[in-house]
Amino acid sequence: MDVSKKHKLECVDVNAHLHTPYSFSAFDKLTDALDRAVNENVKVVGINDFYSMDGYKEWNDGCIQRKLFPLFNIEFISLQEEDQAAGIRVNDPNNPGRTYLSGKGLAYPIDLPEPYASQLANVRAESNAQVKTMCGKLNDVLASYDAPFRLDFDLIKKTLTKGSIRERHLAKALRIAAYAHFNNDKAAIAKFFETIFGGKALKSNVDDLAAVENEIRGNLLKAGGAAFVPEDPKAFLPMDTVRKIILAAGGIPTYPFLADDAKGGFTDFEQDVVKTAEILRQRGIFSVEFITTRNSVEVLEKYAGYLHDNGFVVTFGSEHNTPAMEPIELFTRGGAPLTERLKFINYCGACVVAAHQDIVRSGMQGYVDSRGKADIDKRDEYVKHGDRVIKSIIL
């Protein structure tokens, strides 16, 4: 199943997974992501926020103004109870059963009927409530060390977010408050963080804002930290429920692979790509994605290549879901460029998503039907359709 033998594709660069300020992002403004895409000659870009479609209009309008092709995506954290009971780590390396799931190519304009709209709103509210509780515990930590300021949850939500607040926003807010109070005095800032870290010295240079925020998050807000609050089980919908929400929103359920870590390790679920692919099919998932900076070129070639060759839609992205600013253009771990084969696979995947979006917008059934069954035998036709749709916008 190789479309290159039937239809000559001139691939363009794609980044199909980008978080924006509508969840948490390295970008201060959504348009910053788009401007960087233009400057780096990335032509197809996918918004992919947690629990949110709020940025779709701004994304669409900004892309059209810049002759970029927009993909409309979303991300959830779900729970696969069968895997949890078996102690199987899926794509969260620390929590068995917890499963990230994306939706690709959702309908735009947005059309999410009930009860799915309420389910999405409720899980987002639960996520915000957990972070609000965490903010209270963080203020308790500050008070216990007689820190000269506190954090205002409502102010953080108003000034640093677009409605969805995550623990990274708390880390950013604490960093901003500390720097402002100590008038950017590096020694005083370092001493302050050493104190509230319980005597653990700040490892990062105070000028490296992203690294400092990561240390705040790691020392105080993650499991074992003094302000950590475990998520309420209500914040995790069953994986099949999330899949149904994505389908109801017009999207393609998509499994995000972790693949190899820096030590060459894999989660239990992903260590055998052949078995993983079979289980995904059984669960009604026929699309996958990779955040390429996590992985080696060799593993991406093996995993993405196998999945593409066996009928899956495969896309790549960078996430940008941390304070660190990385390129929009995709690279593998260590800054190695994507091979031509990987670029081809990524572009084919983006074409299928683009075609799906276009067909669903016309009121017809796209690449997956209402039950999630994929039209795999016609994948090449979707690639050709998507190629035409993309080129109509970017050229």
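Residues numbered from 1 in each chain as written. Predicted model: local features only at pLDDT ≥ 70, side-chain atom pairs only at ≥ 80, totals over all residues. Heavy atoms only, no water.

K.L.:
Just give me the short version of the overall build of the chain, but keep the residues and values in it.
P.N.:
A count of helical and extended segments in the chain gives 13 helices and eight strands. A globule of 395 residues ought to have a C-alpha radius of gyration of about 21 Å, and the chain, at 21 Å, matches this closely. Taken over the C-alpha atoms alone, the chain extends approximately 70 × 45 × 40 Å along its principal axes. By the burial criterion, 55% of the 395 residues in the chain qualify as buried. A separation of at least 24 residues holds for 75% of the contacts in the chain among residues at least 6 apart in sequence. Of the roughly 16,700 Å² of accessible surface on the chain, 49% is carried by carbon and sulfur atoms. Separation of charge centres in the chain, based on 49 positive and 54 negative side chains, amounts to 1 Å. (Helix = DSSP H or I, 4+ residues; strand = E, 2+ residues; numbered from the N terminus. Rg over C-alpha atoms; globule rule 2.2 N^0.38 Å. Buried < 20%, exposed > 50% of the residue type's maximum accessible area, 1.4 Å probe, protein only. Contact = heavy atoms within 4.5 Å. Areas by Shrake-Rupley, 256 points an atom, 1.4 Å probe, with all protein chains shown as cover. Lys, Arg positive; Asp, Glu negative; His and termini not counted. Charge placed at Lys NZ, Arg CZ, Asp CG, Glu CD.)

K.L.:
Quick rundown of the packing of aromatic side chains? Include the residues and the values.
P.N.:
Under the definition given, this model contains 17 aromatic pairs. Summarising the aromatic geometry, the rings of Tyr 51 and Phe 76 are spaced 5.8 Å apart at their centres and angled 70 degrees between planes, so their arrangement reads as edge-to-face. Of this pair, Tyr 51 sits in the loop between strand 2 (42-50) and helix 2 (56-66) while Phe 76 sits in strand 3 (residues 69-79), and the two are 25 residues apart along the sequence. Tyr 51 gets classed as buried once you look at its relative accessible area, which sits at 6%. Where Phe 290 meets Phe 316, the ring centres are 6.1 Å apart and the plane angle is 75 degrees; that geometry is what we call edge-to-face. With Phe 290 in strand 7 (residues 287-291) and Phe 316 in strand 8 (residues 313-317), this pair connects stretches of sequence that are 26 residues apart. Neither residue differs from the other here; Phe 290 and Phe 316 are each classed as buried. Taken together, Tyr 255, Phe 257, Phe 266, Phe 269, Phe 290, Tyr 303 and Phe 316 form an aromatic cluster joined through their ring pairs. In this structure, Arg 166 is placed above the aromatic ring of Phe 50, and the distance from its NZ or CZ to the ring centre is 4.2 Å. For the cation-ring pair, Arg 175 lies above Tyr 179, with the distance from its terminal atom to the ring centre recorded as 5.5 Å. (Phe/Tyr/Trp six-rings, centres within 6.5 Å; stacked < 30°, edge-to-face > 60°. Lys NZ or Arg CZ within 6 Å of the ring centre and 35° of its normal.)

K.L.:
I'd love a proper account of the pattern of salt bridges, names of residues and values included.
P.N.:
Applying the stated criterion across every chain yields a total of 22 salt bridges. Where Arg 243 meets Asp 240, a salt bridge forms, and the shortest distance between an N and an O atom there is 3.5 Å. In this pair, Arg 243 and Asp 240 both sit in helix 9 (residues 239-248), three residues apart, roughly one turn of the helix. Residue classification places Arg 243 among the buried residues on the basis of a relative accessible area of 11%. (Salt bridge = Lys/Arg side-chain N within 4 Å of Asp/Glu carboxyl O.)

K.L.:
Please give an account of helix 13 (residues 379-394) that cites residues and values.
P.N.:
Taking 1.5 Å per residue, 16 residues should reach 22 Å; helix 13 reaches 22 Å between its end C-alpha atoms and fits that length. Residues Arg 379, Asp 380, Tyr 382, Val 383, Gly 386, Asp 387, Val 389, Ile 390, Lys 391 and Ile 394 constitute the buried set of helix 13. Buried-residue contacts for helix 13 involve strand 2, strand 3, helix 11 (297-309) and helix 12 (340-361). (Expected span 1.5 Å × (residues − 1).)

K.L.:
Residue-level account of the nonpolar core, with values.
P.N.:
In this structure, Val 45, Trp 59, Val 288, Phe 290, Leu 307, Val 314 and Phe 316 are the most contacted members of the largest nonpolar core, which totals 59 residues. Here Leu 307 is in contact with Phe 257, Val 273, Ala 277, Val 288, Phe 290, Phe 312 and Val 314, once residues within four sequence places are set aside. Within the second largest apolar cluster, 31 residues are counted, among which are Met 134, Ala 147, Ile 165 and Ala 171. (Core = buried A, V, L, I, M, F, W, Y, C linked by side-chain atoms within 4.5 Å.)

K.L.:
So what's going on with the side chain of His 17? Which residues, and what values?
P.N.:
By the element assignment, His 17 lies in strand 1 (residues 13-18). His 17 sits in the buried class, given a relative accessible area of 1%. Those residues in contact with His 17 that lie beyond four places of it in its chain are Gly 46, Asn 48, Glu 75, Ser 102, Lys 104, Glu 289, Ile 291, Phe 316, Gly 317, Ser 318 and Glu 319.

K.L.:
Please give an account of helix 2 that cites residues and values.
P.N.:
Listing the buried residues of helix 2 in full gives Tyr 56, Trp 59, Asn 60, Gly 62 and Cys 63. Residues of helix 2 that are buried in the fold lie against strand 1, helix 1 (30-39), strand 2 and strand 3. In the stretch just after helix 2, Lys 67 is the one whose phi turns positive, near 60 degrees.

K.L.:
I'd like a rundown of the packing of helix 12 against helix 13, residues and numbers included.
P.N.:
Axis separation between helix 12 and helix 13 bottoms out at 7 Å; the angle between their running directions is 80 degrees. As judged from the angle between their axes, helix 12 and helix 13 are roughly perpendicular. On helix 13, the residues touching Tyr 347, Cys 348, Ala 350, Cys 351, Val 352, Ala 354, Ala 355, His 356, Asp 358 and Ile 359 of helix 12 are Arg 379, Tyr 382, Val 383, His 385, Gly 386, Asp 387, Val 389, Ile 390 and Lys 391. For the contact of helix 12 with helix 13, a count of residues per class yields 12 nonpolar, three polar and four charged. (Axes fitted to C-alpha atoms, helices over the stretch in contact; angles between N-to-C directions. Parallel < 35°, antiparallel > 145°, perpendicular 65-115°, else oblique. Nonpolar A, V, L, I, M, F, W, Y, C, P; charged D, E, K, R; others polar.)

K.L.:
Requested: an account of the pairing of strand 1, with residues and values cited.
P.N.:
Taking burial as the measure, the six residues of strand 1 include five buried ones, the bulk of the element. Judged from the four bridges that link them, strand 1 and strand 2 form a sheet pairing that is parallel. By the bridge assignment for strand 2, Asp 13 is matched with Val 42. Regarding the hand of the β-α-β motif, the stretch spanning strand 1, helix 1 and strand 2 is right-handed. (Pairing = 2+ DSSP bridges. Right-handed = clockwise from strand over helix to strand, strands pointing away.)

K.L.:
Account for the side chain of Asn 128, naming residues and giving values.
P.N.:
Along the chain, Asn 128 turns up in helix 4 (residues 116-144). What Asn 128 contacts, discounting residues up to four positions off in sequence, is Phe 153, Lys 157, Gly 163, Ser 164 and Ile 165.

K.L.:
I'd love a proper account of the environment of Gly 335, names of residues and values included.
P.N.:
Tracing the sequence through the fold places Gly 335 in the loop between strand 8 and helix 12. The spacing of Gly 335 and Thr 292 is 43 residues in sequence and 9.7 Å in space, taken between C-alpha atoms.

Geometric descriptors of this kind do not, in isolation, establish any biological role.
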